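# Analysis of the macromolecular model
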Amino acid sequence: MDYTKLSSYVDSRKQEYLNELSRMIRIESISADLSKKVEMVRCAEAVSGLMREAGIENVKPFETEGNPLVYGEYIHAGDNPTVLVYGHYDVQPVDPLSEWETPPFEATMRGDDLYARGSSDDKGQLFMHLKAFEAFGKLNEKIPVNLKYIFEGEEEIGSIHLEPFIRSHKDLLKADVVVISDTAMYGRDMPTICYGLRGMAYLELSVSNSTIDLHSGSFGGAIENPVHVLADIVSRLHDRYGRVAIPHFYDDVVEVSKEEREEIARLPYSDGEFLRQSGALATYGEYGFSTNERLWIRPTLDVNGIYGGFTGEGAKTIIPSKATAKVSMRLVPNQKSEKILGLFESFINQIAPPTVKVTVKKMHSGEPALTPIDHPAVKAASAALEHVFGRKPYFIREGGSIPEVLTFQQILGAPVVLLGFGLPDENSHAPNEHIYLRHFYDGIKTLAIFYEKLSM
Ligand SMILES: [Zn+2]
């Protein structure tokens, strides 16, 4: 494909793209609002329509007990890779409505941005994939890879029916790589690929003594206090270097290469901005690592809440029967949540005194995800971004997790590339959501070139 031709073709279509996207935006597909059921179906139909117009084949909605999933494909590239594109057509609620400067479902241009609910998350980005596909046909170019599309309408309410659908349609969705455009770039004109997400292990730790609170005069001093024990346990979960003190906690942590750490250090970052965003007084964390490293490549343990005994007004003289802490651990490759939960439990059993009963209740967990930066799909995405944006992309990770990524990775066994074109300050879940139009147009070009680079 001639990239100059592609670029001028996309530039020549700008107004039509905006008109078409505005029509999709007008549909109030708020998945959290049960009174919008009809809108959800209408939006799934609108997405199907755009897919068919683009030339995508076998487009069909799959009904679920919730909102429909829309599937489509174009399989004409023989042995070349198969790419599965995921996106979502549902949006976040719009309240507080009074804070919107223009109506949330009327796409409005202001400055370099298009304002509307869903403009960035994720209707705008889903739309970019469809237009990248369409460009090949309009330019009489052969589509260089096999493409499959799956768009859901429940992402903002936890993707309830996505996982069972992927499980029961493994063959239909089989792909060499999954591409998701639903994340943000590091900053304006800073092409970014997100290649790693932390996992999570969550638990509840309880320390108990008797079944009822006891009188602190009749029993105090002669019976161990569960709140004291819990506080002691919590204080022993970290060492003074900010490291988690559970034996073998770091055994499976992949040591990050010098090159990768240099890549992280290359990112524009300032403590001042980070502190402004967090409202905290100072940064803190594991000795020997930078803030971004602490967030992305190192695991953590945090007590999310602690409670026990009397916390009401006034005074009450008791020895509490029980004290509880909620604990979350963010995991990095190649830690496994089950193993980490086990290590936590044995450490607690080892340090808890015999005077109390401790229980560890495992709650939810998810594994960390990583697509190596030298994976061919990441390289293709990197080359496409560099071509369009004129600079080498930044490689970042996320400190949190994106459940869909894991679902695809685990069930389909395919690597996931997060090629997002949003920006961190585009208010994706807040009033006045917008998308930076240059990223919108350049994203269409990038995705078309990405498809082609994948076939090379
Ligand atoms: Zn989204």
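Anyway, here's the lowdown on the structure attached to this text.

Reading the values: rules and limits
Note that residues are indexed from 1 along each chain, following the sequence as it is written. Two thresholds apply to this predicted model, a pLDDT of at least 70 for residue-level local features and 80 or more for giving and counting side-chain atom pairs, whereas whole-chain, interface and lining totals are computed over all residues. As a convention, hydrogens and water are excluded, and side-chain values are obtained from all of the structure's heavy atoms. Only the contacting stretch of a helix is used when fitting its axis, a line to C-alpha atoms as for every element, and angles between N-to-C directions run 0 to 180 degrees. Think of it this way: any DSSP run of H or I at least four residues long counts as a helix, any run of E at least two long counts as a strand, and we number them from the N terminus. For classification, angles of less than 35 degrees are called roughly parallel, those exceeding 145 degrees roughly antiparallel, those between 65 and 115 degrees roughly perpendicular, and all remaining angles oblique. What makes a crossing left-handed is the near helix being turned counterclockwise from the far one by less than a right angle; a clockwise turn instead makes it right-handed. The contact criterion used is simple: two residues touch if any of their non-hydrogen atoms lie within 4.5 Å. In this count, Pro and Cys sit with the nonpolar residues alongside Ala, Val, Leu, Ile, Met, Phe, Trp and Tyr, while Asp, Glu, Lys and Arg are called charged and the others, Gly among them, polar. What makes two strands pair is DSSP finding at least two bridges between them. Note on classification: 1.4 Å probe, protein chains only; a residue is buried when its accessible area is under 20% of the maximum for its type, exposed when over 50%, partly exposed between these limits. Summarising the geometry, the arc corresponds to the directions from the helix axis toward the C-beta atoms. Two rings belonging to Phe, Tyr or Trp (six-membered ring only in the last case) form a pair when the distance between their centres is within 6.5 Å. Interplanar angles under 30 degrees mark stacking, angles over 60 mark edge-to-face geometry, and anything in between is tilted. Lysine and arginine charges are scored as sitting over a ring when NZ or CZ, respectively, is within 6 Å of the ring centre and within 35 degrees of the ring normal.

## Thoughts on the packing of helix α12 (residues 376-389) against helix α14 (residues 437-454)
It is at 8 Å that the axes of α12 and α14 come closest, and there the two elements cross at 135 degrees. Taken together, the axes of α12 and α14 lie oblique to each other. Crossing angle aside, the handedness with which α12 passes α14 is right-handed. Here A377, A380, A381, A383, A384, L385, H387, V388 and F389 of α12 come into contact with α14, specifically with H439, D442, K445, T446, I449, F450, K453 and L454. A breakdown of the residues in the contact of α12 with α14 according to their chemical character gives 11 nonpolar, three polar and three charged.

## Details of the sheet that holds strand β9 (residues 199-208)
Strand order in the open sheet formed by four strands is β11-β13-β9-β14, and the pairing between neighbours is antiparallel. Each end of this open sheet is capped by a strand with a single partner; those strands are β11 (300-308) and β14 (357-366). The mean angle between the axes of side-by-side strands here comes to 15 degrees, regardless of whether they run parallel or antiparallel. Where β9 and β14 come together, eight bridges link them in antiparallel fashion. When the bridges of β14 are listed, S208 appears paired with K357. Where helix α11 (residues 337-351) meets the sheet, its contacts fall on β9, β11, β13 (322-331) and β14, and the angle it forms with β14 comes to roughly 165 degrees.

## Let's talk about helix α13 (residues 403-412)
For α13, the buried fraction is high: seven of the 10 residues fall into the buried class. Every buried residue belonging to α13 is among E404, V405, L406, T407, F408, I411 and L412, and all of these are buried. Where α13 ends, the next residue or the one after it, G413, has phi of about 65 degrees, a positive value.

## Here we look at helix α8 (residues 258-266)
Within the sequence span of α8, burial applies to E260, E263 and I264. Each buried residue of α8 lies within a common arc of 100 degrees when the element is viewed along its axis, so the set occupies one face. Within α8, the exposed residues directed more than 90 degrees away from the buried face are K258, E259 and A265. Where α8 is buried, its residues touch β8 (192-197), α10 (291-296) and β16 (394-398).

## Regarding the packing of aromatic side chains
Applying the stated rule across the entire model yields 14 aromatic pairs. Here the aromatic rings of Y269 and F274 are separated by 6.1 Å at their centres, their planes lie at 55 degrees, and the arrangement is tilted. Taking relative accessible area as the criterion, F274 reaches 26% and is therefore assigned partly exposed. An aromatic cluster of three or more residues is present, and its members are Y17, F127, F440 and Y441. The residue whose ring lies beneath R110 is Y115, and the NZ or CZ to ring-centre distance is 3.8 Å. One Lys or Arg, R188, reaches over the ring of Y436 and ends 3.8 Å from the middle of that ring.

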